[in-house]
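The lines below spell out each chain.
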Amino acid sequence: MSRRRANKKKKDDFIGVVLIAIALVVVFVGGYYFFSENKKLVSRNKEDNCRVDGFVAKESVLLVDTTDSVNPTQYQAIKNKLEDMLENAIVDERISVYTITEDPEKNSPILVTCNPGDGADKSEWTSNKRRLKDKWEKKFKTKLEDAVGGILDSDLTKQSPILDAIKSVGVYSFAASKAESKQLVIVSDLLHHTAGLSHYRTPKIAFSKVKDSPYLASVLSNLNGAEIEILYLTRPKDHSRQGRTHLLFWEKYFEKSNGSITNVINVN
C-alpha cells in the first residue's frame, strides 16, 4: 500500500470516528433531554384532572349566589369573571364551584377540577401540544363554563343561607388544603336570609351584635388564610340594605373566619 493511500485511510478512519462520536453525543443529549422532559409528566385522576400525588399549586373557589335574580349586566359580569379565572389559572390550580341552596346539607361543591395545563409551556419535540390544548378545553374550560351556566339557570329560592355556604367552602375546600395560595371569589348580594339571621329583617346589622351568638358560632368558617374577592351584586330594591355598613359586617365575619377581603367589585 502506498504512503498516500495509507494516509488517506487514516484520515477516513479518523473522520469516521469523529462522526460516530458526534452521533453518540447527539443520541446521548437527545435521550437525556427526552428522559428529563418525561420525568416532568405527572399522573392525573381522570375524574378531576388533579394530580395523583395530591399536589395543588393553588386552591380557588367560585361561589355563585343565585337565590335572587341577576340582570343581564350581572350575568355577563359573572361570565367575564369565570373567563378571567380560566385565563389566569396556573398549572395544577384546583378550582371548585359552589352554589347556594336552601338545604345546607347540599352545599358541597358541584364541580371540582384541576388545570392540567394547555401545553403552551411544552416543547413540540416531546409533547403533543394540540392534544394537550384539546384536553384543557374539554376537561377544564368547558366543564367550568357548563357548571357555571347551569347555576345561572337555577330556580330562585325563599332563603339565602350565604353563611352556611361559606362554612361549607371552608370545610370542603380550604381547611385541609396544603396549597400555598388560596382564593375565594364570591358572586352575591351578600344578603343572608335564614331563620337564625336575616339582612332583610335587620338590614345593616352590626357584626358586633351577633359575633358571640350561638347562631354565628354554628356558621363560622375556617378559610385557612384565603384571599377573598367579591362581585357585589347590588339592586335598587335593596338599596337600604346594602352599602358600606353592610360590607363592614362581612369584613368582620371574614376576619373571624381566618380570611381577608382583597377586592370588592360593585356590579349593578
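Just above, that's the structure.
Criteria and thresholds
Residues numbered from 1 in each chain as written. Predicted model: local features only at pLDDT ≥ 70, side-chain atom pairs only at ≥ 80, totals over all residues. Heavy atoms only, no water. Pairing = 2+ DSSP bridges. Helix = DSSP H or I, 4+ residues; strand = E, 2+ residues; numbered from the N terminus. Axes fitted to C-alpha atoms, helices over the stretch in contact; angles between N-to-C directions. Contact = heavy atoms within 4.5 Å. Expected span 1.5 Å × (residues − 1). Buried < 20%, exposed > 50% of the residue type's maximum accessible area, 1.4 Å probe, protein only. Arc of directions from axis to C-beta. Disulfide = S-S within 2.5 Å. Patch = residues over 30% accessible without salt bridge, like charges linked within 9 Å, V, L, I, M, F, W, Y side chains within 5 Å. Areas by Shrake-Rupley, 256 points an atom, 1.4 Å probe, with all protein chains shown as cover. Salt bridge = Lys/Arg side-chain N within 4 Å of Asp/Glu carboxyl O. Lys, Arg positive; Asp, Glu negative; His and termini not counted. Charge placed at Lys NZ, Arg CZ, Asp CG, Glu CD.

## Some thoughts on the sheet that holds strand β5 (residues 226-233)
The strands that make up a sheet are held in pairs by hydrogen bonds between backbone atoms, and each pair lies either parallel or antiparallel.
Moving on, step 1. Across the sheet, which stays open at both edges, the six strands sit in the order β3-β2-β1-β4-β5-β6 with mixed pairing between neighbours. Strand pairing shows two members of the sheet lacking a second neighbour, β3 (111-114) and β6 (259-267), which therefore form its edges. For this sheet, the mean angle separating the axes of adjacent strands, direction not counted, is 15°.
Moving on, step 2. Relative to strand β4 (residues 181-188), strand β1 (residues 58-64) runs parallel, the two being bridged by seven bridges. Bridge pairing in β4 places L62 opposite V185.
Moving on, step 3. The sheet strands contacting helix α2 (residues 72-88) are β1, β2 (93-99), β4, β5 and β6, and the helix crosses β5 at an angle near 155°.
Moving on, step 4. In the packing of helix α6 (residues 244-256) onto the sheet, contacts are made with β4, β5 and β6, and the angle to β6 comes to roughly 155°.

## Let's talk about unusual backbone geometry
Moving on, step 1. At N49, a residue that is not glycine, the phi angle is positive and equals roughly 70°.
Moving on, step 2. Structurally, the position occupied by N49 is in the loop between α1 (3-39) and β1.
Moving on, step 3. Look at N258: it is not a glycine, yet its phi comes out positive at around 60°.
Moving on, step 4. Structurally, the position occupied by N258 is in the loop between α6 and β6.

## What about α6?
Moving on, step 1. The first and last C-alpha atoms of α6 sit 19 Å apart over 13 residues, in line with the 18 Å expected at 1.5 Å per residue.
Moving on, step 2. Of the residues making up α6, those classed as buried are H246, L247, F249, W250, Y253 and F254. Looking down the long axis of α6, one finds its buried residues gathered within 145° of arc, a one-sided arrangement. For α6, the exposed residues lying more than 90 degrees away from the buried face are R244 and E255.
Moving on, step 3. Residues of α6 that are buried sit in contact with α4 (162-174), β4, α5 (214-219), β5 and β6.
Moving on, step 4. N258 sits one or two positions beyond α6 and adopts a positive phi of about 60°.

## What about the state of the cysteines?
Moving on, step 1. Overall, the coordinates contain one disulfide when judged by the stated rule.
Moving on, step 2. Covalently, C50 is tied to C114 through a disulfide, its sulfur atoms 1.9 Å apart. As the torsion about the S-S bond is roughly 85°, the C50-C114 disulfide counts as right-handed. Here C114 lies in strand β3 and C50 lies in the loop between α1 and β1, a separation of 64 residues in the sequence. With respect to class, C50 is no different from C114; both count as buried.

## Structural notes on a positive patch on the surface
Moving on, step 1. Where like charges cluster on the molecular surface, the positive patch consists of K46, R131, K135 and K139.
Moving on, step 2. Inspection of the secondary structure puts R131 in helix α3 (residues 129-152).
Moving on, step 3. Judged by relative accessible area, which is 60%, R131 ranks as exposed.

## Regarding the pattern of salt bridges
Moving on, step 1. Under the criterion given, the structure shown has 15 salt bridges.
Moving on, step 2. Note that R44 and D92 form a salt bridge whose closest N and O atoms lie 2.8 Å from each other. You can see R44 sitting in the loop between α1 and β1 and its partner D92 sitting in the loop between α2 and β2, a full 48 residues away along the chain. The two residues R44 and D92 agree in class, both being buried.
Moving on, step 3. Residues participating in the shared-partner salt-bridge network are D68, D189, R235, K237, D238 and R241.

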